[in-house]
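# Inside the fold
The residues making up each chain are set out below.
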Amino acid sequence: MKAIRRFTVRPVLPEPLRPLSDLARNLRWSWHAETRDLFQSVDPERWAASGNDPVRLLGSVSPARLAELAEDRRFLRRLTAVAGDLGDYVTGERWYQEQSAELPAAVAYFSPEFGITAALPQYSGGLGILAGDHLKAASDLGVPLIGVGLLYRHGYFRQTLSRDGWQQEHYPVLDPNELPLALLKEPDGTPTQISLALPGGRQLHARVWLAQVGRVPLLMLDSDVEENDLGERGVTDRLYGGGSEHRLLQEMLLGIGGVRAVRTYCRLTGHPAPEVFHTNEGHAGFLGLERIAELADGGLDFDSALEAVRAGTVFTTHTPVPAGIDRFDRELVAHHFGPDAELPGIDVERILQLGMETYAGGEPNLFNMAVMGLRLGQRANGVSLLHGNVSREMFSGLWPGFDPDEVPITSVTNGVHAPTWVAPEVFRLGARQIGAQRTEDALTVGGSDRWDAVGEIADQDIWELRRVLREQLVMEVRERLRASWRQRGAGTAELGWIDGVLDPDVLTIGFARRVPSYKRLTLMLRDRDRLMDLLLHPERPIQIVVAGKAHPADDGGKRLVQELVRFADDPRVRHRLVFLPDYGMAMAQKLYPGCDIWLNNPLRPLEACGTSGMKAALNGCLNLSVLDGWWDEWFQPDFGWAIPTADGTGTDPDRRDDIEAAALYDLLEQRVTPRFYEHGPSGLPDRWIEMVRQTLTLLGPKVLAGRMVREYVERLYTPAAHAHRAMTADAARELAGWKARVRSAWHDVSVDHVETSVPTVTATATAELGTTLTLRVRVALGGLAPDDVEVQVVSGRVDAEDRIADASTAPLKPVGSPDGDGRWVYEGPLSLERTGPYGYTVRILPAHRLLASSAELGLVAVPSEDVGEGAGVLLR
């Protein structure tokens, strides 16, 4: 029979065991081996049955066992030590507290998903795992971060396969009371509630759940409360589900409700108020509107409030394609704001202007969340060097007149949280070499000096470690494969073959990720005969473990999964190629360490970063990847292989895939497998082991989330905090007024005449290296003064069409007073420091001490063609 009501009965722990409750409620256990070992020793069988979840474990342990542990002095000593370690971790000084710079008092970090642990399934893929790693690394470094997200009652879907290999989705219901969460409550004990106004006088209410991620609080808003109607209760039902209005309400709750939750949390706990707000992708962009409304309530006008909000906002874009960005119909957004809905004090047209694609190539009736993120954030970044370049191209329409490389979007390459993803066996080998504390520091703070010690580990130890990890993966794969086939309807008698799946002595390749078409799950199947030859080679076989989920609405992705599964079901190869359904954190933590090669073959440059290969590398797994995302930035032949790309404009997609698949097969046949199976004089594959060593020493310090978060603190959070402090109400009014004045006057700003000390009778001239030209430029500034602008000379090499590449800029200075027509003369030197085709131009940019970038307003004045022809000098 089915229960009509469900509730959670919490265990009553004996007094000596009370610290277990605190340890279970702080998610540091998910990356702290000693804490996990302690919980495992409570009841090893129940620990395994609980999915390594301390909250579920404590809810299932018998009172007799708890009473026994309460008398066990050895266990209590361990408990005291682990609880004391957590206390030191949470309260002690860490990297952030040791910095001398004036760092932010706090940073609020908003993301639609967070992958902290499999016990809190609130993630779908890379974006959420990255957000979880960001929080954990911030905790390890002592960064005063507050995480903000939504609590989805169904999380993301669980994946199974039908008998014919078609993906099937299941949405288990999550009870927050069974998760490592606590309700945020008012002083009188009532749950805190956040409310948003909906059209027609309705309200959207949400509770706030708190997950403690080490030192970092994570606030998660939950709309499944009795005060809501059925429709509103379902707003936080599932991650990336529902239609446009459903997604819009989720993003309003995340952004606007999230700011209100942060304010409430700070009021209740005394946590410092954030000086910086970081929106991880555009989903949380509405947070800027709520902060504008707060300042407007304090007396600031919209434009001044916008400047104050922009100063302290950081926006990170994760997508390299416009299709990956949430965009809403203009009328839908307008319906949810204004006098009869949310933020009634703000003119709806001003809200719409922030997100509309009002630029060349945009769709003017669509509200673009990434565009709003960029307009509301003074600082923005992509997530790898290549992705920064792609993002500057993609969003260049917002800064017309500027070359893409001047678009104010920088990049901070993602990293991964090593204590989460490094296998315990790898950690123990490092600890044996340099000590546990230095190993922990190497994995959290980084620093190449700590990683150099890997060079002293014996070849035999590295090779034995790799085999142990491979053997563990083989056992994990067989167990999961057996469970998958049972779900597909197979009987026990049919599954004897699974005991022979994979071999711990065979080169093992991993491929696991989401399954959009651009990641090319089935590229390995382009030539099935060649793949079979590789899998079944008599001396140098390979074996491949594949996992991945297609989006529930993506039938094309599901067809790719089915194609791969059907190939893996072939009795000839099923012992060498397996597909594991329901890819998630728990599977990944076994998969990365157990593979020898991590395969990644996306369409370049559509992989913004791709952090799975980083997690594999930290375990001594070598990367075999297209030069995309982070691999494009850090690849060296010392520690991996690059798959050549056929990305010429004349190459059709089918031919491109054929060429790149052939290149992949060639690499495996000629370079990868020979190196793995080739044994040196010692009887070990010494050249392979050396690549493993180089992966750890050279890549290890780079791929850390600790390195990433330190970069965010130094390059984005701290400048944003300083800008926030400088942007007082008076400064915000000054900047807003100045911007309005500059915009209205800009149509009268022009470069009227340019002359140099070199004769310009012809279109070209010759000059020697080291020559210094004197430039004299006459400009019209309209109603502006020289203090409002910067006049620059831009120079560098020129191509066949006279476009300047690798440009350098230098300011010119005003000379004297304006002439009778109100024009100013600017002068300055131009040094010719390079040989070959060389050119220059002159431009005028707005200039103000409170601007983060001279491109911020998207305004620039350059010479007209007739001025350019008369004055521009090309040196060939």
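For the structure given in this document, a descriptive report is provided here. Treat the numbers as computed from the prediction; the structure is a model and nothing was measured. (Residues numbered from 1 in each chain as written. Predicted model: local features only at pLDDT ≥ 70, side-chain atom pairs only at ≥ 80, totals over all residues. Heavy atoms only, no water.)

## What to know about empty space enclosed by the protein
Under the criterion given, the structure shown has seven cavities of 30 Å³ or more. Estimated volume of the largest cavity: approximately 300 Å³. Around the largest cavity, the lining comprises 23 residues; the ones closest to its centre are Val426, Gly430, Trp451, Val454 and Leu696. Per-element accounting of the lining of the largest cavity gives the leading share, six residues, to helix 17 (residues 424-434). Here the residues of the lining of the largest cavity sort into 16 nonpolar, five polar and two charged. (1 Å grid on protein atoms, 1.4 Å probe; cavity = no way out; pocket = protein on both sides within 12 Å on 5 of 7 lines; lining within 4 Å. Points joined across faces, edges and corners; volume = space filled by probe spheres on them. Helix = DSSP H or I, 4+ residues; strand = E, 2+ residues; numbered from the N terminus. Nonpolar A, V, L, I, M, F, W, Y, C, P; charged D, E, K, R; others polar.)

## Quick notes on the environment of Thr835
You can see Thr835 is positioned in the loop between strand 27 (823-831) and strand 28 (838-846). If near-sequence neighbours (up to four positions away) are discounted, Thr835 is found in contact with Leu769 and Arg797. (Contact = heavy atoms within 4.5 Å.)

## Brief notes about the nonpolar core
Ranked by internal contacts, the top residues of the largest apolar core, which has 103 residues, are Met524 and Trp688. For this core, the element with the most residues is helix 20 (residues 459-487), which contributes nine residues. In contact with Trp688, not counting residues within four places along its chain, are Trp463, Leu507, Asp596, Ile597, Leu622, Trp641, Val672, Arg675 and Phe676. One finds Val148, Leu198, Leu248 and Ile351 within the second-largest nonpolar core, a separate group that totals 60 residues. (Core = buried A, V, L, I, M, F, W, Y, C linked by side-chain atoms within 4.5 Å. Buried < 20%, exposed > 50% of the residue type's maximum accessible area, 1.4 Å probe, protein only.)

## Focus: helix 17
Listed in full, the buried residues belonging to helix 17 are Glu425, Val426, Leu429, Gly430 and Ile434. Viewed along the axis of helix 17, the buried residues span an arc of 150°, placing them on a single side of the element. Looking at the buried positions of helix 17, the neighbouring elements they touch are helix 18 (436-444), helix 19 (448-451) and helix 20. Where helix 17 terminates, the next one or two residues include Gly435, which has phi positive at roughly 95°. (Arc of directions from axis to C-beta.)

## Structural notes on the sheet that holds strand 26 (residues 813-815)
The pairing of strands in a sheet comes from backbone hydrogen bonds and takes either a parallel or an antiparallel form. Read from one edge to the other, the open sheet built from four strands follows the order 21-23-27-26, with strand pairing classed as antiparallel. Looking at strand neighbours, the two that pair on one side only are strand 21 (749-756) and strand 26, the edges of this open sheet. The sheet shows a mean angle of 35° between the axes of neighbouring strands, direction not considered. Direction of pairing for strand 23 (residues 772-781) relative to strand 27: antiparallel, over a ladder of nine bridges. Note on strand 27: the bridge partner recorded for Leu775 is Gly828. (Pairing = 2+ DSSP bridges. Axes fitted to C-alpha atoms, helices over the stretch in contact; angles between N-to-C directions.)

## Quick notes on unusual backbone geometry
The residue after Arg604, namely Pro605, is reached through a cis peptide bond having omega 5°. Mapped onto the secondary structure, Pro605 falls in the loop between strand 18 (597-600) and helix 24 (612-617). One non-glycine residue, Leu343, lies in the positive phi region at around 50°. Tracing the backbone through its elements, the reader meets Leu343 in the loop between helix 12 (330-335) and helix 13 (348-355). The class for Leu343 is buried, based on a relative accessible area of 4%. Unusually for a residue other than glycine, Arg520 sits at a positive phi of about 55°. Position of Arg520 relative to the elements: it lies in the loop between strand 15 (507-512) and helix 21 (528-535). Accessibility expressed as a relative area gives 5% for Arg520, which makes it buried.

Function cannot be inferred from these measures alone, as they are strictly geometric.
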